Amino acid sequence: MRSVVLPEFGPPDRLRVAETPEPRPGAGQVTVRVAAAGVQFLETQIRSGTMRGALGGAPLPVVLGKEVAGQVTAVGPDGDADLVGARVLAATAGTGGYAEVAAVPADSLVPVPDGLDLHEAVAIHRNGATAQGLVRAARVAAGDRVLVQAAAGAVGTVLVQLLKRAGATVVGAARGEHKLALVRSLGADHAVDYSLPGWTDRVRDAVGGSVEVVFDHVGGEPGRASFELLTPGSGRQIVFGFSGGTPLDVKPMELLGRGLTLTGFSAGLIWSRPAHARDLVDEVLGLAAAGSLRPVVGQRFPLERAADAHAAVEARGTVGKTLLIP
């Protein structure tokens, strides 16, 4: 079968398609004929060598890829044969998803609701659960004024929609008119280009002052500027990444002096609680299947163009979810 192999850490062109043995499911596993594999920002960092520890000691060469959608083709010893043919979402043990067939833990399977396309399902799966977890962590209430950084990204596109369902006033921050148009189409009340001078003044004008909540996946200067927008006494900033390359820098006395809350959020903590994760996934998949939540697949690349997919994600030139299609 064809897989995208990483023989050594480095730039995107290190990713190459090669013939590899088709996996056989072991005990507690199934194999899935992959219809789409999601590309995560973390995987670009693993490939570059920045986050090689995330491989958990797996040796090179390696096939990256954690999130897949497709049909079950076989089950391991003593597995449930009725699963064969089922349309599912699944998570690999951390590697092996960028391939025509992937072996995954059977307990990671999530049935895809009827009427929901497999590509759309993988776009909403883990990113949707993350977005729902973020909304709950921030304790968003109706009437809150909320700023979403990277609002056109894989998590941001879901987050904007969930926040509107919660009754918040949403300002989506993104770069470039193409992304801003997408953010508006998802229901954001306002869209602001945070690469332009004076963007925070536009946020203040839009909401009539400060914001109660900031969702920060960018860090660095935009994250710091967002922090200055928080309402004294009630403002809270949820940090769940630093795609801009530099973490947010805030001193404890700044929180104390202004009565603010800074919360770190790791999606990994969602998946360490399987029952909680399943509840979040079921909720967002149900909303998508009912037409109440729009999955955004911004880019689809064949396996042969995995390097282009990684380059696009790294350059932050993508919107919504980026998929590899075997």
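As annotated in an unreviewed UniProt entry, the chain carries the name Zinc-binding dehydrogenase and comes from Actinomadura yumaensis.

### Comments concerning the layout of surface pockets
One number sums up the size of the largest pocket: a volume of about 1300 Å³. In terms of lining residues, the largest pocket is bounded by 47 residues, among which Gln-40, Phe-41, Leu-42, Asn-127 and His-217 are the most central. When residues of the lining of the largest pocket are traced back to their parent elements, those giving at least two are helix H1 (41–48), helix H2 (118–137), helix H8 (267–271) and strand S16 (321–325). Top contributing element to the lining of the largest pocket by residue count: H1, with five residues. Each pocket or cavity is described by its volume, and for the second largest pocket that value is around 280 Å³. At the level of secondary structure, the elements contributing two or more residues to the lining of the second largest pocket comprise H2 and helix H9 (274–289). Considering every element that reaches the lining of the second largest pocket, the biggest residue donor is H9, with four residues. Of the residues in the lining of the second largest pocket, the class split is six nonpolar, three polar and four charged.

### A word on helix H4 (residues 177–185)
Among the residues of H4, Lys-179, Leu-180, Leu-182 and Val-183 are the ones counted as buried. In a view along the axis of H4, the buried residues occupy a sector of 160 degrees, so they form one face of it. Among the residues trailing H4, Gly-187 stands out with phi positive, at a value near 110 degrees.

### Quick word on the pairing of strand S1 (residues 2–6)
Within S1, four of the five residues are buried, leaving the element largely enclosed by the surrounding structure. As defined by bridge partners, S1 adjoins strand S2 (residues 16–19) across four bridges and the pair is classed as antiparallel. From the neighbouring strand, Val-5 faces S2, where its bridge partner is Arg-16. Looking at chain direction, S1 and strand S4 (residues 62–63) are connected through two bridges and run antiparallel. Pairing of Val-5 across the sheet is with Val-63, part of S4.

### Quick word on the sheet that holds strand S11 (residues 190–193)
An order of S11-S10-S9-S12-S13-S14 is seen for the six strands of this open sheet, with the pairing classed as parallel. The open sheet has two free edges, formed respectively by S11 and strand S14 (261–264), since each of these has just one partner strand. Ignoring which end each strand starts from, the neighbouring axes of this sheet average 15 degrees apart.

### Description of the side chain of Arg-47
Tracing the backbone through its elements, the reader meets Arg-47 in helix H1. Owing to a relative accessible area of 1%, Arg-47 belongs among the buried residues under this scheme. Not counting residues up to four positions away in its chain, the partners in contact with Arg-47 are Leu-6, Phe-9, Gly-10, Pro-11, Pro-12, Leu-15, Leu-64, His-310 and Glu-314.

### A look at the packing of H2 against H9
Taken N-terminus to C-terminus, the directions of H2 and H9 make an angle of 115 degrees; their axes are 8 Å apart at the nearest point. When the axis of H2 is compared with that of H9, the two are roughly perpendicular. Seen from above, H2 lies across H9 with right-handed handedness. Residue-level contacts link Ala-121, Ile-124, His-125, Gly-128, Ala-129, Gln-132, Gly-133 and Arg-136 of H2 to His-276, Leu-280, Val-281, Glu-283, Val-284 and Leu-285 of H9. Of the residues that constitute the contact of H2 with H9, the class distribution is seven nonpolar, five polar and two charged.

### Here we look at the packing of H1 against helix H10 (residues 306–314)
Two numbers describe how H1 lies on H10: the axes approach to 9 Å, and their chain directions differ by 110 degrees. In terms of their interaxial angle, H1 and H10 are classed as roughly perpendicular. Each of Phe-41, Glu-43, Thr-44, Arg-47 and Ser-48 in H1 lies in contact with H10, whose residues at this interface are His-310, Val-313 and Glu-314. Considered class by class, the residues forming the contact of H1 with H10 number two nonpolar, three polar and three charged.

### Observations concerning the side chain of Glu-67
Take Glu-67: it is sitting in strand S5 (residues 67–75). When its relative accessible area of 1% is taken as the criterion, Glu-67 is described as buried. Among the polar contacts made by the side chain of Glu-67, one reaches the side chain of Gln-40 at a distance of 3.4 Å. Side-chain polar atoms of Glu-67 contact the side chain of Lys-321, separated by 2.5 Å. With residues up to four places along the chain from it excluded, the contact list for Glu-67 reads Ala-36, Ala-37, Gly-38, Val-39, Gln-40, Ala-90, Val-122, Arg-126 and Lys-321.

About the cut-offs
- Residues numbered from 1 in each chain as written.
- Predicted model: local features only at pLDDT ≥ 70, side-chain atom pairs only at ≥ 80, totals over all residues.
- Heavy atoms only, no water.
- 1 Å grid on protein atoms, 1.4 Å probe; cavity = no way out; pocket = protein on both sides within 12 Å on 5 of 7 lines; lining within 4 Å.
- Points joined across faces, edges and corners; volume = space filled by probe spheres on them.
- Helix = DSSP H or I, 4+ residues; strand = E, 2+ residues; numbered from the N terminus.
- Nonpolar A, V, L, I, M, F, W, Y, C, P; charged D, E, K, R; others polar.
- Buried < 20%, exposed > 50% of the residue type's maximum accessible area, 1.4 Å probe, protein only.
- Arc of directions from axis to C-beta.
- Pairing = 2+ DSSP bridges.
- Axes fitted to C-alpha atoms, helices over the stretch in contact; angles between N-to-C directions.
- Contact = heavy atoms within 4.5 Å.
- Parallel < 35°, antiparallel > 145°, perpendicular 65-115°, else oblique.
- Left-handed = near helix turned anticlockwise from the far one by under 90°.
- Polar contact = N/O pair within 3.5 Å; in protein donor to acceptor, adjacent residues only side chain to side chain.

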